[in-house]
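# Close look at the chain arrangement
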Amino acid sequence: MRKTLFILGTTLAILSCSKEKVDLIVINSNTYTVNKNFEQTAAFAVKDGIFIAIGANEEITGKYQATEIIDAKKQTIVPGLIDAHCHFYRMGLQQQKVSLEGTTSYDEVLQRIVAFQKEKNTSFITGRGWDQNDWAVQEFPTKDKLDALFPTIPVAISRVDGHALLVNQAALDFAGISANTVVPGGEIILADGKMTGVLIDAAMDFIKLPDPSQKEAIQGLLDAQKISFSYGLTTVDDAGLDRNTIELIDSLQQTGVLKMRIYAMVSGDKQAQIEYYIRKGKIKTNHLNVRSFKIYGDGALGSRGAAMRSSYTDRENHFGALIYSPERYREIAKQIAASDYQMNTHAIGDSANTWMLKTYKEVLKNAKNRRWRIEHAQIISEEDFNYFDNILPSVQPTHATSDMYWAGERIGAKRMKGAYAFKDLLNKYGKIALGTDFPVEQVNPFLTFYAATVRKDLNNYPEKGFQMENVLTREETLKGMTIWAAFSNFEEDEKGSIEIGKFADFVILNQDILKISDDKLPKTRVVSTFLNGEKVY
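Residues numbered from 1 in each chain as written. Predicted model: local features only at pLDDT ≥ 70, side-chain atom pairs only at ≥ 80, totals over all residues. Heavy atoms only, no water.

## Here we look at the sheet that holds strand 5 (residues 50-55)
- The four strands lie next to each other as 5-4-1-6, forming an open sheet whose pairing is mixed. One side of each edge strand has no neighbouring strand; the edge strands of this open sheet are strand 5 and strand 6 (64-71). Here the strands of the sheet are splayed against their neighbours by 25° on average, with no regard to which way each runs.
- Sheet analysis places strand 1 (residues 20-27) next to strand 6, joined by seven bridges and oriented parallel. (Pairing = 2+ DSSP bridges. Helix = DSSP H or I, 4+ residues; strand = E, 2+ residues; numbered from the N terminus. Axes fitted to C-alpha atoms, helices over the stretch in contact; angles between N-to-C directions.)

Rendered as structure tokens:
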């Protein structure tokens, strides 16, 4: 008997030793690989931060032994989510400023500022997130009440889209601007010839906000990382970063303090910065990818800064404006086209989209695989959709459900047919990259999923959905948040799907977003987030 037990034990030991050692095995899962055939699997193995095997439970456990084994208990797993357009660093800094998101009136905005200043006692009050379209009185606020509350302390609070700024008189005096200041590419809103305190787009540049300290900058990045990981994001496309911030990100990633993968779009607002990165060439590590420029084509629809081909329906003889001259856009595009860099242009209005699409076509000369992107692609003229055969659309579905209450009044029914047209854009290019534009919208990617596939708000409005001819399927939406977003970053060979050889970035969810009812989608929660096979949330 003892001899038999000895032989059995020896045999088991030999079998165990014959298995390949890995770092992590996940079994009993409902995993959507998002590979070419959109296959599902039950188990996978991870070694050195890479997926090395994918298959059935017995296949994986029979071949590998791991330091850690996770029994997913049939929970849904998807690839690490990618936000193809956001403001990661800005959102982090916002955690240290007065938050005005969700305010339902100007009085509530003022109450939050007063409470913030009582706690922080800053010498220059800054904040972000108000949206007059969410108020009972849907008009821009004025500075009068701010002046009364803060006669000597400068106040500058940004609209939710970042394209309008409300400031008090102290901030205007500090900046040295008046009602007569000329602002190409922007506007100083006046009433009866006097400044209201609202500045649009380029006019905002006159207000020199205090720069964050290095301590504040680092804390902002870490705060943004913590929030993003909690929502299953493992890669973020930060749309518009300056050199100092990019170098700070790189240094924090190199030391391992900052783990988030970042596709950094270099801010193209300074010619010297464009020239520096073109000379330097692409920068690529496992956590940082610098190979694109973010250019602003126009402003936002909510502040009527989006450049339109004909006047706004609700404001006669007002067309919005391009940020730069048409000639300047051509110069920038030619310079970038002669490099290895990608050009990603913010374009909201139909005029801005027309101009940028034509400029792209002109300078690219039908070059393939440049993957130049139109960010937002919000209002497209019917004849301009064909340009997207070689130009990649990068859109944010929650913009549609945020704007649907008032957008029709602003631009009229005819132009609305080409607005928020995600399916039409997908059909032209064959792929579509999806993001949130946070902190303009909420970080939560499951609100993106809901807006793209259901096109309603959280109160089930409108009953039949908003412009449902442009709804995306759930499979298309998950691709847009994973593999297609990776493609838009030239990273489809290393992330965006659960496949052998790719980074082991994945998310465990509390419900199956491909199968649950529509009303349950916004309630989706992240159970765990893994980066390189390491649990980060």
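Now, onward.
## Some words on the nonpolar core
- Ranked by internal contacts, the top residues of the largest apolar core, which has 100 residues, are L301 and L478.
- Among the elements that make up this core, the one with the highest residue count is helix 11 (residues 350-364) (six residues).
- In this view, L478 contacts Y32, V34, F38, V78, L81, F449, I513 and L514; residues no more than four positions away in its chain are not counted.
- In this structure, L100, V109, L110 and A164 belong to the second largest nonpolar core, which totals 19 residues. (Core = buried A, V, L, I, M, F, W, Y, C linked by side-chain atoms within 4.5 Å. Buried < 20%, exposed > 50% of the residue type's maximum accessible area, 1.4 Å probe, protein only. Contact = heavy atoms within 4.5 Å.)

## Description of the confidence of the model for the protein chain
- Across the protein chain, pLDDT averages 95, with 97% of residues at or above 70.
- Here residues 1-15 scores under 50 on pLDDT; set against residues more than four positions off or in separate chains, the count is zero contacts. (pLDDT = per-residue confidence, 0-100.)

## Notes on the side chain of E492
- Turning to its location among the elements, E492 is positioned in the loop between helix 18 (483-488) and strand 23 (506-509).
- Accessibility expressed as a relative area gives 18% for E492, which makes it buried.
- Looking at E492, its side chain comes within polar contact range of the side chain of R371, at 3.0 Å.
- Excluding anything up to four places from it in sequence, E492 contacts R371, I483, A486, F487 and K502. (Polar contact = N/O pair within 3.5 Å; in protein donor to acceptor, adjacent residues only side chain to side chain.)

## A look at empty space enclosed by the protein
- The tally for this structure, following the rule as stated, stands at three cavities of 30 Å³ or more.
- Within this model, the largest cavity holds a volume of roughly 50 Å³.
- Forming the walls of the largest cavity are P79, G80, I82, T234, T235, K495, G496, S497, F503 and D505.
- Partitioned by chemical class, the residues of the lining of the largest cavity number three nonpolar, five polar and two charged. (1 Å grid on protein atoms, 1.4 Å probe; cavity = no way out; pocket = protein on both sides within 12 Å on 5 of 7 lines; lining within 4 Å. Points joined across faces, edges and corners; volume = space filled by probe spheres on them. Nonpolar A, V, L, I, M, F, W, Y, C, P; charged D, E, K, R; others polar.)

## Comments concerning the environment of F490
- Secondary-structure assignment places F490 in the loop between helix 18 and strand 23.
- Separated by 404 residues in the primary sequence, F490 and C86 have C-alpha atoms spaced 17 Å apart.
- Those residues in contact with F490, other than ones at most four positions away along the chain, are Y263, R291, Q342, N369, R370 and R371.

## Notes on the packing of helix 10 (residues 326-337) against helix 11
- Following both chains from N to C, one finds helix 10 and helix 11 inclined at 40°, their axes separated by 10 Å at the closest point. Between helix 10 and helix 11, the angle is such that the two are oblique. Between helix 10 and helix 11 the crossing geometry is right-handed. Between helix 10, through P326, Y329, R330, A333, K334 and A337, and helix 11, the contact on the second element is made entirely by W355, M356, T359, E362 and V363.
- Here the contact of helix 10 with helix 11 is composed, by residue class, of seven nonpolar, one polar and three charged. (Parallel < 35°, antiparallel > 145°, perpendicular 65-115°, else oblique. Left-handed = near helix turned anticlockwise from the far one by under 90°.)

## Digging into the packing of helix 7 (residues 214-230) against helix 8 (residues 243-254)
- With their axes 11 Å apart at the nearest point, helix 7 and helix 8 run at an angle of 65° to one another. Helix 8 is crossed by helix 7, and the crossing has right-handed handedness. Facing Q214, A217, I218 and L221 of helix 7, the residues of helix 8 in contact are L248, I249 and L252.
- Its residues placed into classes, the contact of helix 7 with helix 8 shows six nonpolar, one polar and no charged.

## Notes on the pairing of strand 10 (residues 125-130)
- Extensive coverage of strand 10 is indicated by the burial of six of its six residues.
- The pairing of strand 9 (residues 98-99) with strand 10 spans two bridges and is parallel. Paired with S99 across the two strands is R128, which belongs to strand 10.
- Viewed along the sheet, the connection from strand 10 through helix 5 (residues 144-149) into strand 11 (residues 155-159) turns out right-handed. (Right-handed = clockwise from strand over helix to strand, strands pointing away.)

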